[in-house]
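The lines below spell out each chain.
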Amino acid sequence: MNKITRLSVLKAIKGFKPLLYLDDKIILSKGYSLYTASLNLSNITYLCSLPVGYTSQLLSKVRIFSRILRLGIESGINLDSNFFLVVSKNRIWKIGRDSGSVQIDFIIPNER
């Protein structure tokens, strides 16, 4: 990858965290919101947000707080052709790939 292409990719995803590569798109997160992007990152569109408190939502926008307190979406994995899972704190959320539906799938005991 040449230097110009690398810089344009970095500029396009600034502030976003790449989570998943799906067949024809990439899932990105920013705070507690999820976005879909085309493979060349030219079309980033909003998918959904996780239902969290106002304080967590506000603190996740400040990078130092989001890092120290581990706020935001940490990781994701493809489940099947309709859903994928994302992890935030002690909760695992099931997200509809096309609809953006959000439902809690599992709560990790003792906030581990």
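Residues numbered from 1 in each chain as written. Predicted model: local features only at pLDDT ≥ 70, side-chain atom pairs only at ≥ 80, totals over all residues. Heavy atoms only, no water.

Novice: What is the right way to look at the overall build of the protein chain in this model?
Specialist: Across its full length, the protein chain holds three helices and eight strands. When the helices and strands of the protein chain are read in sequence order from the N terminus, they spell out α-β-β-β-β-α-α-β-β-β-β. Residue burial in the protein chain is summarised as follows: out of 112 residues, 32% are buried. Restricting to contacts in the protein chain with at least 6 residues of sequence separation, those with at least 24 account for 30%. Element-wise, carbon and sulfur atoms account for 55% of the exposed surface of the protein chain, whose accessible area totals about 7,500 Å². (Helix = DSSP H or I, 4+ residues; strand = E, 2+ residues; numbered from the N terminus. Buried < 20%, exposed > 50% of the residue type's maximum accessible area, 1.4 Å probe, protein only. Contact = heavy atoms within 4.5 Å. Areas by Shrake-Rupley, 256 points an atom, 1.4 Å probe, with all protein chains shown as cover.)

Novice: I would appreciate a short explanation of the pattern of salt bridges in the present structure.
Specialist: Side chains bearing opposite charge may pair, as long as their charged atoms lie close to each other. Tallied over the full model, the rule gives two salt bridges. One salt bridge in this structure joins R97 and D23, with 3.7 Å as the shortest N-O distance. Of this pair, R97 sits in the loop between β7 (91–96) and β8 (102–107) while D23 sits in the loop between β1 (17–22) and β2 (25–30), and the two are 74 residues apart along the sequence. Linking K25 and D98 is a salt bridge whose minimum nitrogen-to-oxygen distance equals 3.6 Å. Taken together, the residues K25 in strand β2 and D98 in the loop between β7 and β8 connect sequence positions 73 residues apart. You can call K25 buried: its relative accessible area is 18%. D98 gets classed as exposed once you look at its relative accessible area, which sits at 63%. (Salt bridge = Lys/Arg side-chain N within 4 Å of Asp/Glu carboxyl O.)

Novice: Would you mind going over the environment of G96 with me for this structure?
Specialist: Tracing the backbone through its elements, the reader meets G96 in strand β7. We classify G96 as buried; its relative accessible area is 2%. Residues G96 and F83, 13 residues apart in the sequence, show an inter-C-alpha distance of 4.7 Å.

Novice: Sorry, what's going on with a nonpolar patch on the surface here?
Specialist: A contiguous nonpolar patch, built from V62, I64, F65, I68 and L69 and spanning about 450 Å² of accessible area, is present on the exposed surface. Within the secondary structure, I68 sits in helix α3 (residues 63–68). The exposed category is assigned to I68, whose relative accessible area is 60%. (Patch = residues over 30% accessible without salt bridge, like charges linked within 9 Å, V, L, I, M, F, W, Y side chains within 5 Å.)

Novice: Looking at this structure, how should I read the pairing of β8?
Specialist: Looking along a regular strand, one sees side chains alternate from face to face of the sheet. As paired elements, β7 and β8 share five bridges and run antiparallel to each other. Paired with I95 across the strands is V102, a residue of β8. Between β7 and the antiparallel strand that follows it, β8, lie five residues; G100 among them carries a positive phi value of about 80 degrees. (Pairing = 2+ DSSP bridges.)

Novice: Even after reading the chapter, I still don't get the sheet that holds β7, so can you show me in this structure?
Specialist: The strands making up a sheet associate through backbone hydrogen bonding, with each pair oriented either parallel or antiparallel. Within the open sheet, the four strands sit side by side as β5-β6-β7-β8. Their pairing is antiparallel. Strands with a single pairing partner mark the edges of an open sheet, and in this sheet they are β5 (75–78) and β8. Geometrically, the sheet is characterised by an average inter-axis angle of 25 degrees between neighbouring strands, direction not taken into account. Note that β5 and strand β6 (residues 83–88) share four bridges and pair antiparallel. Counterpart to N78 in the pairing with β6 is F84. (Axes fitted to C-alpha atoms, helices over the stretch in contact; angles between N-to-C directions.)

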